[in-house]
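# An overview of the molecular structure
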Amino acid sequence: MKHFPVYLSMTGQRIVLVGGGDAALAKLRLLLKTEATLDVFSVEAAPEIHDWAENGKLRLHLRTPETSDFRGALLVYAAEEDDAKDAHTAQQAQAAGVLANIVDNLADSAFITPAIVDRDPVTIAIGTEGAAPVLARAIKADLEERLSPRLGLLARVGKAFRAAADALPMGRRRRDFWSDYYFGAGPRIADENGAQAALETLLDKHLKADTRDGHVAFVGAGPGDPELLTLKARKALDTADVVIYDRLITPEILELARREATMIDVGKEAYGPSTPQGDINALIVEHARQGAQVVRLKSGDATVFGRLDEEIDACDAAGVTWHIVPGITAASASVAAIGQSLTKRDRNGAVRFLTGHDMKGFADHDWRQLARRNEVAAIYMGKRAVRFIQGRLLMHGAAPDTPVTVIENASRANQRVLNAPLHSLPADLAAAAFDGPALMLLGLSPRAASAALPSLLEQELA
Ligand code: SAH
């Protein structure tokens with residue numbers, strides 16, 4: 001971050017603007033919304049500026065400023081749209097120890113003004129460090145459309161009601177009340193009286209309401225791309241008190257959790273150090289028993305190789321309620337990455353999800369079945385077992401040229417794809433040196449490669 005966004009207190013502050021033309025006008029329209037006193041210096045000024053001065057909204061000085069005019073100001077805007085004059089203003093500001101902004105000159109400005117979505121007291125600042133004003137405008141337009149024009153009113157009336165709402169115990173019950181106000185009643189509120197009445201009714205309702213019990217949502221987080229979260233998963237993250245997550249959950253997804261949520265990493269790694277399952281079960285139950293809305297976030301789909309049943313059993317044993325939010329499993333993301341179907345008429349009417357973790361327990365008939373032509377299987381956690389898998393398949397009659405595709409980091413920016421025939425799979429996989437989560441698709445090659453079958457196809461999507 002080259003620029004750090006902050007909100008400056010304007011109470012009792014003075015801002016100086018030098019300039020009287022269009023750039024000055026545009027900035028003044030924003031600055032007039034603040035509580036600060038405004039001093040405008042310009043030999044000539046647009047009629048609007050004169051009007052504002054006459055109405056006491058700012059002080060207009062029809063001259064060039066001295067350095068002493070800047071002393072004690074909070075900010076200075078150089079808005080003469082003349083490089084030399086603006087540079088001079090910035091120098092004077094610096095000499096007076098005040099931060100200066102030169103309009104439309106990022107490089108020489110000590111601060112920049114963001115694009116603002118104004119629902120005072122709710123304000124949203126959007127900055128791109130000058131990289132893409134188009135983007136800032138698009139984001140602003142999008143937010144303007146999405147946020148009710150009455151949001152500011154709701155927030156203002158809500159703010160004055162905070163002391164009354166303290167009658168509810170701090171934490172979830174108070175939060176539920178506010179969330180009911182802003183998102184339940186909010187959209188139907190027309191004016192200040194309506195907002196006040198809604199607050200009183202809601203407070204009464206929430207004071208009488210029974211306290212909500214803790215609950216556990218087992219949520220599938222998908223393969224890593226945050227856009228592959230379901231709306232239900234997002235909602236669960238939005239309202240969670242506690243999020244308990246695994247190693248495979250990407251930071252982008254964790255970012256979406258409610259800011260106040262307690263985040264607990266139980267980093268289960270296939271072969272490395274991990275929190276013992278018993279401890280995880282106990283942790284989930286403990287938080288739910290304290291009344292928390294717990295999100296147990298699991299990569300992909302929570303029901304696929306996720307030891308879900310043990311956690312559900314622990315909840316049941318403790319009398320904690322739970323539900324499952326399905327997610328997109330790695331197999332779905334992986335076939336999507338290579339443009340293939342998991343099942344296909346006249347090729348495979350069934351598909352198997354296998355784990356490479358405990359394949360040693362497979363019986364011979366399982367391997368015979370898997371070794372047949374046109375069989376498709378998604379092998380999770382299979383990287384380390386690749387030699388064993390290859391050996392068993394060949395031993396049970398699989399064709400050496402059976403296609404296998406390994407997808408690493410499916411759906412993420414660093415996704416890579418390796419397509420190899422079964423006979424050279426272990427060597428090709430070792431050469432590719434995948435170190436992220438990888439899924440092996442037995443019996444499938446990327447659609448584009450299925451004709452040519454090159455032995456190694458690596459693809460960087462980033
Ligand atoms: N519940 C998860 C699977 C957990 S087991 C799901 O439904 O996807 C962990 C294994 O899943 C990893 O070893 C890897 O084989 C696979 N996996 C998870 N995310 C992946 C991704 N983004 N790309 C490729 N494989 C992934």
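Relevant structure appears above.
Scope of this entry: the structure provided in the associated data block. (Residues numbered from 1 in each chain as written. Predicted model: local features only at pLDDT ≥ 70, side-chain atom pairs only at ≥ 80, totals over all residues. Heavy atoms only, no water.)

## So, the site of the ligand
So the rule is basically this: The criterion for a residue being near a molecule or strand is simple. One of its heavy atoms has to lie within 4 Å of it. The definition of a polar contact used here is a pair of N or O atoms within 3.5 Å, where within protein one atom must be able to donate a hydrogen and the other to accept one, and adjacent residues in sequence count solely through side-chain atom pairs. Computed with a 1.4 Å probe, the accessible areas rest on the Shrake-Rupley method; for each residue, only the protein chains presented here act as cover. Domain start and stop positions are those given by an automatic or database domain assignment.
As a matter of local geometry, the ligand sits amid 18 residues, with Asp301, Val304, Thr329, Ala410 and Ala438 nearest to it. Residue Val304 places a main-chain N or O atom 2.7 Å away from a nitrogen atom belonging to the ligand. Between an oxygen atom of the ligand and a main-chain N or O atom of Ala330, the distance comes to 2.9 Å. Relative to its free-state accessible area of 540 Å², the ligand is covered by the protein chains to the extent of 93%. When residues of the shell around the ligand are assigned to domains, at least three fall in each of domain 3 (215-328) and domain 4 (331-461).

## Thoughts on the pattern of salt bridges
Rules: Salt bridges are counted wherever a side-chain nitrogen of Lys or Arg sits within 4 Å of a carboxyl oxygen of Asp or Glu. Only protein chains enter the area calculation, which uses a 1.4 Å probe; residues under 20% of their type maximum are buried, those over 50% are exposed, and those in between are partly exposed.
Considering all chains together, one arrives at 21 salt bridges under this definition. Linking Arg63 and Asp69 is a salt bridge whose minimum nitrogen-to-oxygen distance equals 2.9 Å. The exposure class of Arg63 is partly exposed, given its relative accessible area of 36%. For Asp69, a relative accessible area of 14% corresponds to the buried category. Among the charged side chains, a salt-bridge network with shared partners connects Arg175, Asp241, Arg258 and Glu260.

## A look at helix H12 (residues 277-289)
Where we set the bar: Put simply, DSSP H or I for four residues or longer makes a helix, DSSP E for two residues or longer makes a strand, and each gets a number counted from the N terminus. The span one expects for a helix is its residue count, reduced by one, times 1.5 Å. The contact criterion used is simple: two residues touch if any of their non-hydrogen atoms lie within 4.5 Å.
The terminal C-alpha atoms of H12 lie 18 Å apart, and with 13 residues this matches the ideal 18 Å at 1.5 Å per residue to within 8%. Each element contacted by the buried residues of H12 is listed here: strand E8 (215-220), strand E9 (242-245), strand E10 (262-265), strand E11 (293-298) and helix H13 (308-318). Of the residues trailing H12, Gly291 is marked for its positive phi of about 95°.

## Topic: the packing of aromatic side chains
Convention followed: Classification of ring pairs rests on two measures: the distance between centres of Phe, Tyr or Trp rings, Trp counted by its six-membered ring, which must be within 6.5 Å, and the angle between planes, read as stacked under 30 degrees, edge-to-face over 60 and tilted in between.
Across all of its chains, the model carries 11 aromatic pairs by this definition. Ring centres 6.4 Å apart and planes at 65° place the aromatic pair Phe218 and Trp322 in the edge-to-face group. Separated by 104 residues along the polypeptide, Phe218 in strand E8 and Trp322 in strand E12 (residues 321-325) bring together distant segments of the chain. The class for Phe218 is buried, based on a relative accessible area of 0%. A relative accessible area of 30% places Trp322 in the partly exposed class.

## Some remarks on the packing of helix H1 (residues 22-31) against helix H2 (residues 47-54)
Each pair of packed helices gets described by two things: the angle between the helix axes and the distance between those axes. Our working rule: Convention adopted: a line fitted to C-alpha atoms gives each axis, helices being fitted over their contacting stretch, and angles between N-to-C directions are expressed from 0 to 180 degrees. In this classification, the charged set is Asp, Glu, Lys and Arg, the nonpolar set is Ala, Val, Leu, Ile, Met, Phe, Trp, Tyr, Cys and Pro, and all remaining amino acids, among them Gly, are polar.
Here H1 crosses H2 at 35°, and the two axes come no closer than 10 Å. The segment H1 lies against H2, with Leu25, Leu28 and Arg29 engaging Glu48, Ile49 and Trp52. Of the residues assigned to the contact of H1 with H2, the class counts are 4 nonpolar, no polar and 2 charged.

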